[in-house]
Amino acid sequence: MNHAAKGSPFRLLGAAPHRLPFLTGVFNLLMLPLWWLARLTDAHWFPLGLPQGDALHATLHGPVTVYALFMPFILGFLATVFPRWMGLDDLPSRRFLPAAIPMMLGSLLLAAALWSDQLALLNAALALMLAGWGIGAVLLASVLLAHCKATRKPHWHGLSALAGWLLALAGLALLLAFTAGEWAPGRAASILLGTHGLTAAIFVTVCHRMIPFFAGNVVAGYVSWRPYWLLGLFWPLLLADIVATHCGSPLRGLIAAAMTLLLLMMLWRWTPRRPVPGLLMVLLWGFAWAPASFLFAALATVAPVPPIAAIHALLLGMGASLLVAMVTRVTQGHSGRPLTMPAVAWLAFGAVQAAALARLGAALTFEHSSLLLIAALLLTLGVFPWVLRGGTIYLSPRKDGRPG
């Protein structure tokens, strides 16, 4: 056993790239829906005496949640898998902690900002998170460059994931321009780049690599299918969707419809025609929200479907579902536990599905307050046991005594 594994919980957080970011992530996953549940209750049901300062909940629930919910988990996940994708050694703590520590400090400050309703604290939190994400971009780029120098070949999954990371970096900078510089267009732009960069680009890239590989290992007779031309079609459509959405172009419906068909083809080809293990099943179910999201976006251009339905199908449906699936897989494997879905992970995954459906119901019924409250309540209660278990694991040595 290495020295980190024998040390205090604080030393353990530097023993593997996923530990501190995942601990930060589970904190945010509990804090954000709990805060939103409290705000909804205070606004629509009965007063809780919450601070009424800068009214952060009125305009910032959406964009802040996009970034704070996903960034720590993605940082921990990609810092873990990037070197392995490229046949390189695992990252030492001196390389990943400079990104993970500002992300953790920013998340703690974000909690203080939201619960005290103070804009100045929020700006400081976003600046710290932006710093951590920027350092993370340099880290991933350095790993990618090392691979390219060694092999003289591009790594398409690495390039695709890094491109999504950079979109999110630009989006978070625009969010800070909105909150600190009062630049009004920054809010909508930050949501657009966050949804398309953090969730669509990175999660689809990871699924393109992970689902066929995992299925090929656990399903007898499965033929892995992940041609790079899929990413070659995905990226132009994604960028076109960003531009069309930003410009309010009527072509957005056609672009979203094309994206729906592409994602449905991926889902169809990746899904085995026989029973699959739970960890693979949740990946497939989570990914199924991706074509549903772009279908809602396409329908919104020709029918009375609010665009926010597509956003929540992508973020809460696909993003949160795949987050639970992928984080559970890394947590199990990198703590010396079997690669299975524990009961608390099934509970969290089911709660995400129910919360996503309730949130879609609210979107389709003019933001019905009861459905909004139900969605927040389901998410908060459903993820709590999973969060608690994960936090305990990240602060404990591996069960098999190995380093990491």
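Above this note sits the structure.
One structure accompanies this document, and this report is about it. Residue positions are counted from 1 within each chain, in the order its sequence is given. Totals for whole chains, interfaces and linings use every residue, but because this is a predicted model, local features are given only for residues with pLDDT of at least 70 and side-chain atom pairs only at 80 or more, for both listing and counting. With hydrogens and water excluded, all non-hydrogen atoms of the structure serve as input to the side-chain values.

**Overview of the nonpolar core**
A general feature of soluble globular proteins is that nonpolar side chains tend to end up buried together. Side-chain atoms within 4.5 Å link the members of a nonpolar core, which is a set of buried Ala, Val, Leu, Ile, Met, Phe, Trp, Tyr and Cys residues. Burial here depends on accessible area, computed with a 1.4 Å probe over protein chains only, as a share of the maximum for the residue type. Under 20% is buried, over 50% is exposed, and the range in between is partly exposed. Leu78, Leu198 and Trp386 are the most contacted members of the largest nonpolar core, which has 135 residues in total. Examining the composition of this core, we find that 18 residues originate from one element, helix α4 (residues 56-85), more than from any other. Filtering out sequence-adjacent residues up to four positions away, Leu198 remains in contact with Val66, Tyr67, Phe70, Met71, Ile74, Trp133, Gly164, Ala168, Leu193 and Phe203. Segments assigned H or I by DSSP are reported as helices when at least four residues long, segments assigned E as strands when at least two residues long, and all are numbered from the N terminus. Contact between two residues is taken to exist if any of their heavy atoms lie within 4.5 Å; hydrogens are not considered.

**Re the packing of aromatic side chains**
For any pair of aromatic rings, geometry is given as the distance between the ring centres together with the angle between the planes. The aromatic pairing rule takes the rings of Phe, Tyr and Trp, using the six-membered ring of Trp, and pairs them if the centres are within 6.5 Å, calling planes under 30 degrees apart stacked, those over 60 edge-to-face and the rest tilted. Under the definition given, this model contains 12 aromatic pairs. Seen from their ring centres, Phe22 and Phe73 are 5.8 Å apart, and the 55 degrees between their planes marks the pair as tilted. Residue Phe22 is found in helix α3 (residues 19-44), and its partner Phe73 is found in helix α4; the two are separated by 51 residues along the sequence. Judged by relative accessible area, which is 0%, Phe22 ranks as buried. Arranged with centres 6.2 Å apart and planes meeting at 80 degrees, the rings of Phe234 and Trp235 form a pair that is edge-to-face. Residue class for Phe234 comes out buried when judged on its relative accessible area of 0%. The exposure class of Trp235 is buried, given its relative accessible area of 14%. Taken together, the ring pairs connect Phe22, Phe73, Trp386 and Tyr394 into an aromatic cluster. Charge over a ring is defined by NZ of Lys or CZ of Arg lying within 6 Å of the ring centre and within 35 degrees of the ring normal. Its end group placed over the ring of Trp225, Arg269 keeps NZ or CZ at 4.2 Å from the ring centre. Over the ring of Phe214 we find Arg329; its NZ or CZ atom is 4.0 Å from the centre of that ring.

**Description of the environment of Thr24**
Along the chain, Thr24 falls in helix α3. Taking C-alpha positions, Thr24 is 9.5 Å from Ala68, a pair spaced 44 residues apart along the chain.

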